[in-house]
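As a plain string of letters, each chain reads:
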Amino acid sequence: MSSRPVIGAPRRARTLLSLTVAVAASCVLLLVPPSDRQSALAPVSAVLAWPGAQRGSVPADLPDGTAYTPAWFLDARTSIGTARSRDGAFLRLVVHQADGSLRQLRRLPTGDAPSIAAVTVSGEVVVWAEGHGNRSPQLWAVNLRDGRPPWLVTVDTGEARFYQSEYDLVIADGRVRWVATADNDVTEVRSVALTGGRVQITVETGTWQLSAWPWLVDGATSVSGSTRLRNVVTRRDVAVSPSRRAVTNCSPRWCRVVSLTGDGYRIDLMNPDGTDRRRVAEGSVETAVTDVGALDRFDVYAELGGNADLTGSVRLLVYDIARRRPVEVSPAAADVVYRGGVLWWSTGNQELFLRHSLDLRTV
C-alpha cells in the first residue's frame, strides 16, 4: 500500500520564505560590488565529493501499510518518527530500526487530536513535545538504552513556540529548554530538568528563538530577519551586520543573507559581524531548510527547475563552507528536512515515493 507524503508544511514554508524575501527586497535589485563577482563553481555529485558519507533510505510506508513520517534520524538508517496505527485509532511514536523493525515509544488516541510538534536527541535520551488538541504541549522523554518506559517531564510549557528548527527543543546541562510567547513582545526561555520538576523561566524582551545553546537569535517574525544574537549565560549580545534589501537569518557562527536580484534570488553566507562573506548561489534558487550553517560547515539550498511549482521537486544542493564549493545531493528532491546532522528528502511522486538520508556528520 502506498501513501502520500506529508508535503504541505515544507512547501508552505518554502513559499513563505520566498514571499518574505520579496517583501523585504521591495522589488529593488541587489547591486553587487565588482569585488564580489566571483565565478560560480559547477556542483559536484555528493557521491563523488563525499564517498565515505553514510546514506540510507526509508520507505514511505511501514510493513503494516501505514504512512511513516520521520522526525529525527539517529544515524542514516535509524530514525524516530510517527505513524498511525493500522486501524487509525492511535498515533504512534516509533523508532524505525536499520533492519526495518519497529520499537514503539508512545501511543496516543487519535480522538484527542494528538501531534508530535518537536523532537530532539542527546546521547541516549529522546525528548519530544506532545500536543493534545488545543492544550499546551507536554514534554516527554525516554532513554533508548535503559529499558524504562517514557516519562512525563512537564506539562508547564506555556505558549510554546516551535519554528521547524533543530533547536526548537534543546538539551544541555541536564535540562531541556524551549521558548514560549508572553504578553507585550516578551519571550520566555523555559527549562526543566530531564527528570522533571519546577520549570525555570527567564524573560527576554522581543521575539527570540533558541539556537545552539546558550545562544538566542531574534527576527523569527521579522521580514528582515535576524539583527542580534544573545548569549543567555554571559548576557553578551552580538549585533548582526545589516544587509540592506535582504532577509538575514543567523546561527552563532554563520548568517544566511537572501536578496532579490534581476533573475531570481541570491544567497550569501557571512559571519554575524559581516566578515568572510561569500556567494553561495544566484538565480532560480531558494533556501531549503530553516537552520543556517548545519554543523557550522554546510548550508542547504535548492535550485528550481521549470516544473518545480507543479512537481514540487527541486535540485537539492549543499554548500560546503569549508571547501567553498556546491555539492549536488539530489537532482529531484521534495520534502527536504534537516535535524541533528542528518539531511533527508523524498524522491518520486505523491503516490509513490522513497525517502533518502545523508548523515553530514560522516562527511
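Structure first, text after, so check above.
Presented here is an overview of the structure given in this document. This is a predicted model, so every value here is computed, not measured. (Residues numbered from 1 in each chain as written. Predicted model: local features only at pLDDT ≥ 70, side-chain atom pairs only at ≥ 80, totals over all residues. Heavy atoms only, no water.)

## Comments concerning the environment of glycine 340
Moving on, step 1. Considering the arrangement of structural elements, one finds glycine 340 in the loop between strand S27 (325-339) and strand S28 (342-348).
Moving on, step 2. When the C-alpha positions of glycine 340 and valine 121 are compared, they lie 8.0 Å apart, and in sequence the two are 219 residues distant.
Moving on, step 3. In this structure, glycine 340 is in contact with Trp72, Glu166 and Arg361, ignoring residues within four places of it in sequence. (Helix = DSSP H or I, 4+ residues; strand = E, 2+ residues; numbered from the N terminus. Contact = heavy atoms within 4.5 Å.)

## What about the pairing of strand S4 (residues 78-84)?
For a regular strand, side-chain orientation follows a simple rule: the groups alternate between the two sheet faces.
Moving on, step 1. Judged by how many residues are buried, S4 sits mostly within the fold: 6 of 7 residues are covered.
Moving on, step 2. One ladder, built from 6 bridges, connects strand S3 (residues 68-75) with S4; its direction is antiparallel. In the sheet register, tyrosine 68 faces S4, and the bridge partner there is alanine 83.
Moving on, step 3. What sits between S3 and S4 in their antiparallel hairpin is a turn of 2 residues.
Moving on, step 4. By the bridge criterion, 6 bridges tie S4 to strand S5 (residues 90-96) in an arrangement that is antiparallel. Paired with alanine 83 across the strands is arginine 92, a residue of S5. (Buried < 20%, exposed > 50% of the residue type's maximum accessible area, 1.4 Å probe, protein only. Pairing = 2+ DSSP bridges.)

## Considering empty space enclosed by the protein
Moving on, step 1. Following the criterion strictly, the structure yields 2 cavities of 30 Å³ or more and no others.
Moving on, step 2. Each pocket or cavity is described by its volume, and for the second largest cavity that value is around 40 Å³.
Moving on, step 3. Along its surface, the second largest cavity is lined by Arg161, Tyr163, Tyr167, Asp168, Trp178, Val179, Gln209 and Leu210.
Moving on, step 4. Looking at the lining of the second largest cavity, the elements with two or more residues in it are strand S13 (175-182) and strand S16 (208-210).
Moving on, step 5. Grouping the amino acids of the lining of the second largest cavity by side-chain chemistry returns 5 nonpolar, 1 polar and 2 charged. (1 Å grid on protein atoms, 1.4 Å probe; cavity = no way out; pocket = protein on both sides within 12 Å on 5 of 7 lines; lining within 4 Å. Points joined across faces, edges and corners; volume = space filled by probe spheres on them. Nonpolar A, V, L, I, M, F, W, Y, C, P; charged D, E, K, R; others polar.)

## Quick word on the environment of glycine 274
Moving on, step 1. Among the secondary structure elements, glycine 274 is positioned in the loop between strand S22 (264-270) and strand S23 (278-283).
Moving on, step 2. Spatially, the C-alpha atoms of glycine 274 and alanine 239 are 9.9 Å apart, while their sequence positions differ by 35 residues.

## Considerations on the sheet that holds S3
Moving on, step 1. Here we have 4 strands laid out as an open sheet, ordered S3-S4-S5-S6, and antiparallel in their pairing. Of all strands in the sheet, those with a lone pairing partner are S3 and strand S6 (102-109), marking the two edges. Each strand axis lies, on average, 20 degrees off the axis of its neighbour in the sheet, ignoring direction.
Moving on, step 2. As paired strands, S5 and S6 are joined by 7 bridges and run antiparallel to one another. (Axes fitted to C-alpha atoms, helices over the stretch in contact; angles between N-to-C directions.)

## Examining the pattern of salt bridges
Moving on, step 1. Counted according to the given criterion, the structure contains 21 salt bridges.
Moving on, step 2. Across the salt bridge formed by aspartate 268 and arginine 266, the nearest N and O atoms sit 2.6 Å from each other. Assigned by exposure class, aspartate 268 and arginine 266 land together as buried.
Moving on, step 3. For aspartate 276, the salt bridge is made with arginine 278, and the minimal N-O distance between the two is 3.0 Å.
Moving on, step 4. Salt bridges sharing common partners tie together Glu204, Arg228, Arg230, Arg235 and Asp237. (Salt bridge = Lys/Arg side-chain N within 4 Å of Asp/Glu carboxyl O.)

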